[in-house]
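# A structural walkthrough
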Amino acid sequence: MGWVYLAVSINGATYTVNAFRPARRNRVLFGWSFVASWLTTELAPFHLAWQVLATGWFARRGALRTTPGRIGLAISIASWVGLIVSIRQSLGARHEIRAALRDLQFEASDDAPGQIRVRRHLTFDRAGGRDLRLDVVAPADPPAPGQRRPALVQVHGGGWVIGFKERQGQLLMHEMAGHGWVCFNVDYRLSPKATFPDHLVDVKRAIAWVREHADEFGVDPDFVAITGGSAGGHLAALAALTADVDDYQPGFEDADVSVQAAVPFYGVYDFTNRNGVWHDDTASMFLGPVVMKSSLEEEPEKWAAASPLDQVRADAPPFFVIHGDKDVLAPVEDARDFVQRMRAVSTAPVFYLELEGTQHAFETFETVRSRAVIRGVRRFLEAQLHERRTGASVAPEPQLAPA
């Protein structure tokens, strides 16, 4: 029994260690490492509970009276310490958010969210032989006469090849809709059938559709924000930075596809790997043949056009960039670089939240950390809406780097 407990202890400790040091470049371990790290960091209390319960079960059966069992107990205790550290990091998210938004001179209300209603699978366009659909998450009560509600467009992730609008952004949309926003969760064409910029074009079609149907949903066409995670964060950032690029809205060049605020979660900001943080084969074995249908060497301009790092601009809307420092799918170094470049040129505020001990897709689970982040995002978005409608500044003027 002692040897069995030792094996169980090593297994649990392996997950804990991997949560702090996930594999980035090992092709064999990469997939397992991400999933294991993600589940361990976001569900650390459950991992701690099962390890403690397992130890109690083995102890009752005499495992700790053996040398292997005592070694297993020492390993388990070390694992518990690591899990407690992970839990403390999750609880610390509230302080990280407060620090990230310390210059935001606006506080969101503490009102309980109201009732919401959901309308699913509305067709907003047709492209590539398929209908493009979106879901609408809105307050259950109709707007008051003359009232216009702000809109939020949510873009799902999935590496540009998979993903469903029903599976992502739910916590944020329910929070925002419960406080008076109308949220649109959009689909777009996926690779390998789709080739960039098809994905971005579809997101822009959705933004244009929201404005065209503003009266139907009681939406304020003068305030449309955008958010998304992972590939959706990439597309949200690009949409916010390319509102006047006609090549990205073929056939609807005159439509208003601007956004008034952007909140990319764990987004991808560079396709060219200029910071050397991606696996060496990412471009040649995935982005090139699957998403871009070209090589970086053959069409560097096209790859730069797909990289938010190369699209930073002075007239960008306000950004709130959110990333975990343990992200292996979208390396945090690129997010830091993007924020630095944006702050150097943008006349609008650029807020940055880097969450300690946090993996990709962290807000998929409703946890202390994800709830705190969602409340922080609502504060940011409502601050931008308040400034837009009242003219009252909610953040100091950015201090741009000298030319």
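As the structure is a prediction and not an experimental result, all values here were calculated from the model. (Residues numbered from 1 in each chain as written. Predicted model: local features only at pLDDT ≥ 70, side-chain atom pairs only at ≥ 80, totals over all residues. Heavy atoms only, no water.)

## Some details on the pairing of strand S2 (residues 130-139)
- When you tally the buried positions in S2, you get seven out of ten residues, the bulk of the element.
- Bridge count between strand S1 (residues 116-127) and S2: nine bridges; the pairing is antiparallel. Its bridge partner lying in S2, aspartate 125 is registered against leucine 132.
- Adjacent in sequence and paired antiparallel, S1 and S2 are bridged by two residues, among which glycine 128 carries a positive phi angle near 60°.
- Taken together, the four bridges between S2 and strand S4 (residues 182-186) define a ladder with antiparallel strand orientation. In the sheet register, valine 136 faces S4, and the bridge partner there is phenylalanine 184. (Buried < 20%, exposed > 50% of the residue type's maximum accessible area, 1.4 Å probe, protein only. Helix = DSSP H or I, 4+ residues; strand = E, 2+ residues; numbered from the N terminus. Pairing = 2+ DSSP bridges.)

## Observations regarding the nonpolar core
- The biggest cluster of nonpolar side chains holds 65 residues, and the ones touching the most others in it are Phe184, Ile226, Phe271 and Phe319.
- In this structure isoleucine 226 touches Leu152, Val153, Val155, Val203, Ile207, Ala236, Ala239, Val259, Ala261, Ala262 and Val263, once residues within four positions along its chain are discounted.
- Counting residues in hydrophobic clusters, the runner-up holds 40 residues, among them Trp38, Leu152, Leu353 and Val373. (Core = buried A, V, L, I, M, F, W, Y, C linked by side-chain atoms within 4.5 Å. Contact = heavy atoms within 4.5 Å.)

## A closer look at the environment of aspartate 244
- For aspartate 244, the location among the structural elements is in the loop between helix H9 (231-241) and strand S6 (261-265).
- Within the structure, the side chain of aspartate 244 is placed 2.9 Å from the side chain of arginine 313, a separation counted as a polar contact. (Polar contact = N/O pair within 3.5 Å; in protein donor to acceptor, adjacent residues only side chain to side chain.)

## What about the sheet that holds strand S5 (residues 219-229)?
- Reading across from one edge, S1-S2-S4-S3-S5-S6-S7-S8 is the order of the eight strands in this open sheet, with mixed pairing throughout. The two strands at the open ends of the sheet, each matched to only one other strand, are S1 and strand S8 (350-355). Pairs of neighbouring strands in the sheet enclose a mean axial angle of 20°, with direction left out of account.
- Relative to S4, strand S3 (residues 149-155) runs parallel, the two sharing five bridges. Bridge pairing links leucine 152 to cysteine 183 in S4.
- Lying on the sheet, H9 is in contact with S3, S5, S6 and strand S7 (319-324); it crosses S5 at an angle near 140°.
- Packed onto the sheet, helix H13 (residues 368-390) meets S3, S5, S6, S7 and S8 and runs at close to 165° relative to S6. (Axes fitted to C-alpha atoms, helices over the stretch in contact; angles between N-to-C directions.)

## With respect to a negative patch on the surface
- Judged by side-chain charge, Asp246, Asp247, Glu253 and Asp254 come together as a negatively charged surface patch.
- Topologically, aspartate 254 is positioned in the loop between H9 and S6. (Patch = residues over 30% accessible without salt bridge, like charges linked within 9 Å, V, L, I, M, F, W, Y side chains within 5 Å. Areas by Shrake-Rupley, 256 points an atom, 1.4 Å probe, with all protein chains shown as cover. Salt bridge = Lys/Arg side-chain N within 4 Å of Asp/Glu carboxyl O. Lys, Arg positive; Asp, Glu negative; His and termini not counted. Charge placed at Lys NZ, Arg CZ, Asp CG, Glu CD.)

## A closer look at the pattern of salt bridges
- This model, assessed by the stated rule, comprises 25 salt bridges.
- Close ionic contact of arginine 389 with aspartate 220 constitutes a salt bridge, the shortest N to O distance being 3.1 Å. Taken together, the positions of arginine 389 in helix H13 and aspartate 220 in strand S5 put the pair 169 residues apart, joining distant regions of the chain.
- Here aspartate 220 falls in the buried class, since its relative accessible area comes to 11%.
- Two residues, glutamate 382 and arginine 378, come together in a salt bridge whose shortest N-O distance is 3.5 Å. Within this pair, glutamate 382 and its partner arginine 378 are both found in helix H13, separated by four residues, close to a single helical turn.
- On the accessibility criterion, arginine 378 (5% relative accessible area) is buried.
- Look at the salt bridges and you will find they share partners, linking Asp125, Arg189, Asp198, Asp202 and Arg205 into a network.

## Concerning the pairing of S8
- By the criterion of burial, S8 is predominantly enclosed, with five of the six residues buried.
- As paired strands, S7 and S8 are joined by six bridges and run parallel to one another. Its bridge partner lying in S8, histidine 323 is registered against glutamate 354.

## Examining helix H2 (residues 30-42)
- For H2, spanning 13 residues, the distance from its first C-alpha to its last is 18 Å, which sits close to the expected 18 Å at 1.5 Å a residue.
- Burial in H2 covers these residues: Ser33, Phe34, Ala36, Ser37, Trp38, Thr40, Thr41 and Glu42.
- Those residues of H2 hidden inside the fold are in contact with helix H1 (2-20), helix H3 (44-60), helix H4 (67-91) and H13. (Expected span 1.5 Å × (residues − 1).)

## Brief notes about a nonpolar patch on the surface
- Together, Met1, Val4 and Trp57 make up an exposed nonpolar region whose accessible area comes to about 310 Å².
- Take tryptophan 57: it is sitting in helix H3.

## Observations concerning the side chain of histidine 47
- Note that histidine 47 resides in helix H3.
- Given a relative accessible area of 14%, histidine 47 falls into the buried group.
- Dropping the residues within four chain positions of it, histidine 47 is found in contact with Leu39, Thr40 and Leu83.

## Section: the environment of serine 284
- Mapped onto the secondary structure, serine 284 falls in helix H10 (residues 282-292).
- Looking at serine 284, the relative accessible area reads 52%, which means it is exposed.
- Each C-alpha atom, one on serine 284 and one on serine 294, is 9.2 Å from the other, the two residues being ten residues apart in sequence.

## Observations concerning unusual backbone geometry
- Serine 191 connects to proline 192 through a cis peptide bond whose omega is 10°.
- Positionally, proline 192 belongs in the loop between S4 and helix H7 (198-212).
- A cis geometry characterises the amide bond from phenylalanine 196 onward to proline 197, with omega recorded as 20°.
- Along the polypeptide, proline 197 turns up in the loop between S4 and H7.
- Positive phi outside glycine occurs at lysine 293, with the angle close to 60°.
- Position of lysine 293 relative to the elements: it lies in the loop between H10 and helix H11 (300-305).
- Overall, the relative accessible area of 37% leaves lysine 293 in the partly exposed class.
- Positioned with a positive phi, alanine 361 is a non-glycine residue whose angle comes to about 60°.
- With respect to the element layout, alanine 361 can be found in the loop between S8 and H13.

Any functional reading would require information beyond the geometric quantities listed.
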